[in-house]
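Next come the chains, spelled out residue by residue.
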Amino acid sequence: QVQLVESGGGLVQPGGSLRLSCAASGFTFSTYAMSWYRQAPGKERELVATISSTGGITNYADSVKGRFTISKNHTKNAVYLQMNSLKPEDAAVYYCNARAWTTGWVNYWGQGTQVTVSS
């Protein structure tokens, strides 16, 4: 059974930091690219950061470059999102995604974790 379980969300003041975690199970983690998406109320879900299956390549949305860092731990089957210098506009539900090509694209999603940035 595939599971992606996010944790680490919460309330933080502007300028603060949070570290999101996503624990993966039920699939071959090392062969999947992992991403973090977010969705704010009334807005479409947007891609925040992606890390390749090997962990060697990362990409970020322009809005988070230089502030967020995605990383992957193949021993723990986990992906992380370190978020620094948080802004109110970063507030959203953050979702973990696993994606790979088999006989077609395969996508798995977590249930999301809420991030609130407010003073």
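This one's a predicted model, so the numbers in the text were calculated from it and none came from an experiment.

(A) Fine view of the overall build of the protein. When helices and strands are tallied, the protein shows 0 helices and 11 strands. Mapped from its N terminus to its C terminus, the protein presents α and β elements in the order β-β-β-β-β-β-β-β-β-β-β. What you see for the protein is a C-alpha radius of gyration of 14 Å, in line with the 14 Å of a compact globule of 119 residues. Out of the 119 residues in the protein, the part that is buried amounts to 42%. As displayed, the protein has an accessible area near 6,300 Å², and 48% of this comes from carbon and sulfur atoms. Each charge class in the protein was averaged separately, 10 positive and 6 negative side chains, and the resulting centres sit 7 Å apart.

(B) Geometry of the state of the cysteines. Inspection of the entire model under this criterion finds 1 disulfide. At a sulfur-sulfur separation of 2.1 Å, the disulfide partner of C22 is C96. On the S-S bond that ties C22 to C96, the torsion sits near -80°, and the link is left-handed. Of this pair, C22 sits in strand β3 (residues 18-25) while C96 sits in strand β9 (residues 92-101), and the two are 74 residues apart along the sequence. Just as C22 is buried, C96 falls in that class too.

(C) Main features of the pattern of salt bridges. Per the stated rule, a full pass over the model turns up 4 salt bridges. Taking the shortest distance from any N to any O, the salt bridge between D62 and K65 comes out at 3.1 Å. In terms of burial, D62 and K65 fall into one category: exposed. Between D90 and R67 there is a salt bridge, with the nearest N and O atoms lying 2.7 Å from each other. A residue pair is termed long-range when its members are at least 10 positions apart, and D90 in the loop between β8 (78-83) and β9 and R67 in the loop between β6 (58-60) and β7 (68-73) qualify at 23 residues. In this structure, D90 and R67 share a single accessibility class: buried.

(D) Here's a closer look at the nonpolar core. Ranked by internal contacts, the top residues of the largest apolar core, which has 31 residues, are M34, W36, L81, M83 and Y94. Counting only elements with at least two residues in this core, the list comes to β3, β4 (33-39), β5 (46-51), β7, β8, β9 and β11 (113-117). Filtering out sequence-adjacent residues up to four positions away, Y94 remains in contact with E6, L20, W36, Y37, R38, V48, F68, L81, M83, G112, T113 and V115.

Cut-offs and rules
- Residues numbered from 1 in each chain as written.
- Predicted model: local features only at pLDDT ≥ 70, side-chain atom pairs only at ≥ 80, totals over all residues.
- Heavy atoms only, no water.
- Helix = DSSP H or I, 4+ residues; strand = E, 2+ residues; numbered from the N terminus.
- Rg over C-alpha atoms; globule rule 2.2 N^0.38 Å.
- Buried < 20%, exposed > 50% of the residue type's maximum accessible area, 1.4 Å probe, protein only.
- Areas by Shrake-Rupley, 256 points an atom, 1.4 Å probe, with all protein chains shown as cover.
- Lys, Arg positive; Asp, Glu negative; His and termini not counted.
- Charge placed at Lys NZ, Arg CZ, Asp CG, Glu CD.
- Disulfide = S-S within 2.5 Å.
- Salt bridge = Lys/Arg side-chain N within 4 Å of Asp/Glu carboxyl O.
- Core = buried A, V, L, I, M, F, W, Y, C linked by side-chain atoms within 4.5 Å.
- Contact = heavy atoms within 4.5 Å.

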